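# Structural description and commentary
The chain contents come next:
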Protein chains: 2
Amino acid sequence: MAKNRTAITPTREENYAEWYQNVIKEAELAENSDVRGCMVIKPWGYTIWENMQRELDDMFKETGHTNAYFPLFIPLSYLQKEADHVEGFAKECAIVTHHRLTQQVDGKLVPDGKLDEPLVVRPTSETIIGASYAKWVNSYRDLPILINQWANVVRWEMRTRLFLRTTEFLWQEGHTVHATKAEAVEETFKMLNVYKKFAEEILAIPVIEGEKTESERFPGAVFTYSIEAMMQDKKALQSGTSHFLGQKFAKASKIKFQSKKGKEEFAWTTSWGVSTRLIGALIMTHADDNGMIIPPRIASAHIVILPIYKNDEEREKIFAVVNEIGKKVSKLRFHDRKIVIKVDDRDIRGGEKNWYWIKKGAPLKIEIGPKDLEKNTIAVLRRDNPSLKKSFIEVEEFVSNLIDTLDDIQNNMYNKAKKLLIDNTFEIDNYNEFVKFFTPKNINKPEIHGGFASSHWCGSVDCEERVKKFKVTIRNIPSSTKEEKGKCIICGKDSNKRVIFAKSY
Amino acid sequence: MAKNRTAITPTREENYAEWYQNVIKEAELAENSDVRGCMVIKPWGYTIWENMQRELDDMFKETGHTNAYFPLFIPLSYLQKEADHVEGFAKECAIVTHHRLTQQVDGKLVPDGKLDEPLVVRPTSETIIGASYAKWVNSYRDLPILINQWANVVRWEMRTRLFLRTTEFLWQEGHTVHATKAEAVEETFKMLNVYKKFAEEILAIPVIEGEKTESERFPGAVFTYSIEAMMQDKKALQSGTSHFLGQKFAKASKIKFQSKKGKEEFAWTTSWGVSTRLIGALIMTHADDNGMIIPPRIASAHIVILPIYKNDEEREKIFAVVNEIGKKVSKLRFHDRKIVIKVDDRDIRGGEKNWYWIKKGAPLKIEIGPKDLEKNTIAVLRRDNPSLKKSFIEVEEFVSNLIDTLDDIQNNMYNKAKKLLIDNTFEIDNYNEFVKFFTPKNINKPEIHGGFASSHWCGSVDCEERVKKFKVTIRNIPSSTKEEKGKCIICGKDSNKRVIFAKSY
């Protein structure tokens, strides 16, 4: 491949949206199915999700949560129990109306067995889980309930994009019940922090945690917090949310308990979730013009080995080294996990195979050929190195440095993403500058703009609405924001803190 | 609790079906939801499923499979591609016909946004996965495809029973594609054997593996093999199936490939699955009149510790021992897994707490009270011991024997179940005896009968139909069956092998 060509065409610079689709295609992460808006998550992509699940699940369990499973279907009357909630989801849900198919005289199969009450395929499970909780909670002794569910959910999106917005997606939804407001608020923040830690330490994605504005809250929530990440096109991606639901859903579902003092009270609930959307965040944070780059902590394989040989004799010698590496590595643990090695011994052209794996993004790629044997070295590529330059090192050295190398790749990826976030976040206090910041310099590349603006906001929904004409929204009010006197960037009225404005997915 | 009382009422003997429901209720494994036929899998039950998933998933990966995820919805036209297949599922599927809700003038929400083509909530995924495979397979080099999916599926059952038959259930479905018939047949048997090994070694459930008769095949399969287990009421429970689909689904979905010789050929496919039904099998194999008993290999917790104390001083001393046990056990591994200890320090009556845990069925229960401290021992209950008699042993001894004890419990549970199967399987060669075998001795307990009959069958569907009046079916033609001349138990015609007849779930 010529020096100035890249494995992914177009490049990020040339066409970001198309680059994104092609990274997914070339790394075989997912594809569109024939079912409108539903994706197929292919093995290489699904492994990333499995690894995310494993890490997050451990964090949930460490914080006292257990998993359970609730029905896929929600009776229409349940969804209606909370007014804001149903309004938020009514326009985009799949409705089951019949329970069998019958053959007509002309041979055509048609829905039959009409249900008395339509069922909604869960877009989220507050109301159906609330119905169970209402039965389970009687006394303060039954609290707290700390349950998570791994599940598929359906929201009938009109415009879909792989991982970022699909009709069906996979997620986890935590649903907790508490005796006091203070405990429920604490839980909301605890899980927000779990998400932040997970995003930063495991996915190597730096995030800004903060409160969503009223108009961006989860339908029915008292307040919603989010973690927001900056993608390489400087747009924001909401990557996880944690909601304090107050007593609103407890009242809707009648989750009541006898307090220590013997008084009947409504409980306080929270919910929180992340989804396969995080795989989209991962791609847009880490992938480059040569394809996917997967952080070591969730890599489908940590090391890919490509043996190069011309005959059986050579093959035998090469595989002796491959097996030696396998044996030595099997004794190591990377953050308490086994290290996964994939050996690609397929009979295809070396160049093709090499680029195939570069595009797939495993952290380390090793080539071992007859020349390497002579020199007693192996050719190691660190996928996070944009130059794609190989180092030639001895097996012994490779293995003894392996854990450090993987940690270094993980940190390097995080630091690079963190630099992007810092370099493209600006305090802006002048409206004209603000407008210019969000105005694309090139009309053909509307997505290219300044980044995140940290600016004052007076708190009015009206001001929030006015910036939407630039496709800019308030991402969140960062938890780290300090009290500071200033003027609203939009209306000029008094404001006491900065918020994050950005274009977003 | 008086000696002659049991924790579960009624007992197995008194009312088996009700006993089953009550074991589930008391062990908090699952419950019915308000959504017709859909269950809520509660944390203690879901942990069993998670542990099953973990063990099975390892076995799938060891045999070269990877996981992926395909859409929940199947276009009606896809399901129709294979004639037998659609006929098998048309009468019991949830149909999505609309994609939003709209408020009528009277305020009522009604389904709106009618779909051009109805979508079927997957009852199984051969056709939707086949559509992807048709795109992925072009050359013999693309084969085999060895993919598994963990998912929820929906079959609109009219009569449901927790775990055994529910409208929505969780399962795994493997879907593989091969270049030759021989390879696909080999895969079918390989996975049947994985299921057998999983059932026997991990779930401690002995099974009979064999071929289903034509009338009991999976809709669209060329042949279906199953593993069948005997429940404590001597009825059979089909616990897993592996299907050789020939080229039928490949033709329906157009999964074609260029062979090595350059010829275009249809591929050969298989599918195989087990579901949350296995939790039902587990209960009906192992639970007793005092509740659930979970095999150590999939236990939600291996050890439950109940500290007994009256004041802070005692508590401190007791917890010193609890922590000592925790520390020592944390160094051990049971079949490469961490050993899970649950400490129940809730402020409820000792007797209540004790029976609560007996009904939950963790393999080992430990009580530690002031008297135990004096004697330097702990009170250990092996849940597989029907007498519920405790042993008083020293911590050191308990810990050093722990792995052996857990293995012993596992083996003991398997052997007990194996004995039931052997003791209640009879070679029957006389029709009157056969009828008597399946005729309940007590009219009030129609479920009590002889067990499994190993009898000759001529192979005719007609004979198979005739025994259905006793609610008896051929469970399978065991793989271990030997060629043996005999006469069909029903019609008396020549037969060359025995099959397993039984009542079943």
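Here goes a summary of the coordinates provided. (Residues numbered from 1 in each chain as written. Chains lettered and ligands numbered in written order. Predicted model: local features only at pLDDT ≥ 70, side-chain atom pairs only at ≥ 80, totals over all residues.)

## Some points on the overall build of chain A
Across its full length, chain A carries 14 helices and 27 strands. Since a compact globule built from 505 residues should have a radius of gyration of about 23 Å, the 26 Å found for chain A is in line with a globular shape. The proportion of buried residues among the 505 residues of chain A is 48%. (Helix = DSSP H or I, 4+ residues; strand = E, 2+ residues; numbered from the N terminus. Rg over C-alpha atoms; globule rule 2.2 N^0.38 Å. Buried ≥ 20, exposed ≤ 12 C-beta atoms within 10 Å, placed from the backbone.)

## Structural notes on the sheet that holds strand 4 (residues 73-75) of chain A
Sheet architecture is open: six strands sit in the order 4(A)-6(A)-5(A)-5(B)-6(B)-4(B), paired in antiparallel fashion. The open sheet is flanked by strand 4 of chain A together with strand 4 (73-75) of chain B, the only strands paired with a single partner. Going from strand to strand, the sheet's axes swing by 45° on average, the running direction of each strand aside. Pairing between strand 5 (residues 95-103) of chain A and strand 5 (residues 95-103) of chain B: three bridges, direction antiparallel. Within strand 5 of chain B, the position partnered with Val-96 of chain A by the bridge is Val-96 of chain B. (Pairing = 2+ DSSP bridges. Axes fitted to C-alpha atoms, helices over the stretch in contact; angles between N-to-C directions.)

## Concerning the environment of Glu-396 of chain B
Residue and element names in this part refer to chain B. Among the structural elements, Glu-396 can be located in helix 12 (residues 395-423). Classification of Glu-396 by C-beta neighbours within 10 Å gives exposed; the count is 11. Spatially, the C-alpha atoms of Glu-396 and Asp-344 are 22 Å apart, while their sequence positions differ by 52 residues.

## Let's talk about the sheet that holds strand 8 (residues 168-178) of chain A
By definition, the strands of a sheet pair up through backbone hydrogen bonds, in either a parallel or an antiparallel sense. All names here are of chain A. The 11 strands are arranged 3-7-8-14-11-10-9-24-27-23-22 in an open sheet whose pairing can be described as mixed. Across the chains shown, the open sheet's two edge strands, defined by having one partner strand only, are strand 3 (66-67) and strand 22 (425-427). By the bridge criterion, eight bridges tie strand 8 to strand 14 (residues 268-275) in an arrangement that is antiparallel. When the sheet's bridge partners are listed, Gln-172 is paired in strand 14 with Val-274. Its contacts with the sheet put helix 6 (residues 181-202) on strand 8, strand 9 (208-211), strand 10 (223-230), strand 11 (236-244) and strand 14, and the angle it makes with strand 11 is roughly 155°. (Contact = placed C-beta atoms within 7 Å.)

## Let's talk about the nonpolar core
As a rule of thumb, soluble globular proteins bury nonpolar side chains together. The biggest cluster of nonpolar side chains holds 286 residues, and the ones touching the most others in it are Cys-93 of chain A together with Cys-93 of chain B. Excluding residues that lie within four positions of it along the chain, Cys-93 of chain B makes contacts with Arg-100 and Leu-101 of chain A together with Val-120, Val-121, Pro-123, Val-154, Arg-155 and Trp-156 of chain B. (Core = buried A, V, L, I, M, F, W, Y, C linked by C-beta atoms within 7 Å.)

## Some words on unusual backbone geometry
Residues and elements named next belong to chain B. Residue Thr-9 is joined to Pro-10 through a cis peptide bond whose omega torsion reads -5°. Mapped onto the secondary structure, Pro-10 falls in the segment before helix 1 (16-26). A positive phi is found at Asp-336, a non-glycine position, where the angle reads about 70°. Residue position: Asp-336 is located in the loop between strand 16 (333-334) and strand 17 (337-338). Positive phi outside glycine occurs at Asn-376, with the angle close to 65°. With respect to the helices, strands and loops of the structure, Asn-376 is situated in the loop between helix 11 (370-375) and strand 20 (378-382).

## Focus on helix 6 (residues 181-202) of chain B
All names here are of chain B. Over its 22 residues, helix 6 runs 31 Å from end to end, which matches the ideal 32 Å to within 8%, given 1.5 Å per residue. Regarding helix 6, the residues found buried are Ala-184, Glu-187, Thr-188, Met-191, Leu-192, Val-194, Tyr-195, Lys-196, Phe-198, Ala-199 and Ile-202. Buried residues in helix 6 make contact with helix 2 (43-62), strand 8 (168-178), strand 9 (208-211), strand 10 (223-230), strand 11 (236-244) and strand 14 (268-275). Phi turns positive one or two residues past the end of helix 6, at Ala-204, with a value near 60°. (Expected span 1.5 Å × (residues − 1).)

## Notes on the relation of the copies chain B and chain A
Rotating chain B by 180° about the axis while translating it 0.0 Å along that axis superimposes it on chain A, leaving an RMSD of 0.0 Å. Such values leave the two copies arranged in the relation of a two-fold axis. Taking the C-alpha atom as reference, chain B places Val-96 of chain B closest to the rotation axis, 2.1 Å from it. Taken together, the interface assignments show that 100% of the residues at the interface of chain B recur at the interface of chain A, consistent with an identical surface on both copies. (Least-squares fit on C-alpha atoms with pLDDT ≥ 70 in both.)

## Topic: helix 5 (residues 126-136) of chain B
Note on helix geometry: an α-helix contains 3.6 residues per turn, so any two residues three or four positions apart are oriented the same way. Counting buried residues along helix 5 of chain B, eight of its 11 residues qualify, which places the element largely inside the surrounding structure. Turning to helix 5 of chain B, its buried residues are Glu-126, Thr-127, Ile-128, Ile-129, Gly-130, Ala-131, Ser-132 and Tyr-133 of chain B.

## Re the interface of chain B and chain A
Each partner contributes to the interface: chain B provides 46 residues, whereas chain A provides 46 residues. The residue makeup of the side of chain B that touches chain A, split by class, is 30 nonpolar, nine polar and seven charged. (Nonpolar A, V, L, I, M, F, W, Y, C, P; charged D, E, K, R; others polar.)

## Remarks on the environment of Gly-37 of chain B
All names here are of chain B. Note that Gly-37 resides in the loop between strand 1 (30-32) and strand 2 (39-41). For Gly-37, a count of 22 C-beta atoms within 10 Å translates into the label buried. Along the primary structure Gly-37 and Asp-345 are separated by 308 residues, whereas in three dimensions their C-alpha atoms are 36 Å apart. Look past the residues within four positions of Gly-37 in its chain and what remains in contact with it is Glu-157, Thr-160, Thr-166 and Thr-167.

## A short note on the pairing of strand 8 of chain B
Working note: regular strand, side chains alternate between the two faces of the sheet. All names here are of chain B. Counting buried positions over the 11 residues of strand 8 gives 10, a clear majority of the element. Relative to strand 8, strand 7 (residues 145-154) is paired through 10 bridges, and the arrangement is antiparallel. Following the sheet pairing, Trp-150 is matched in strand 8 by Gln-172.

## Focus on the pairing of strand 23 (residues 452-456) of chain A
Residues and elements named next belong to chain A. Burial analysis of strand 23 places four of its five residues in the buried class, which makes it a mostly covered element. Relative to strand 23, strand 22 is paired through three bridges, and the arrangement is parallel. By the bridge assignment, Thr-425 is partnered in strand 23 with Phe-452. In the sheet, strand 23 pairs with strand 27 (residues 498-502) via four bridges, with the strands oriented antiparallel. Paired with Ser-454 across the bridge in strand 27 is Ile-500.

## Digging into the packing of helix 2 of chain B against helix 6 of chain B
Residues and elements named next belong to chain B. Put simply, helix 2 and helix 6 touch, their axes get as near as 11 Å, and they point 145° apart. Relative to helix 6, helix 2 is oriented so that their crossing is right-handed. Here helix 2 contributes Glu-55, Leu-56 and Met-59 to the contact with helix 6, which in turn contributes Val-194, Phe-198 and Ile-202. (Left-handed = near helix turned anticlockwise from the far one by under 90°.)

## Topic: the environment of Val-110 of chain B
For Val-110 of chain B, the location among the structural elements is in strand 6 (residues 109-121). Not counting chain neighbours up to four residues away, the residues in contact with Val-110 of chain B comprise Leu-101, Thr-102 and Gln-104 of chain B.

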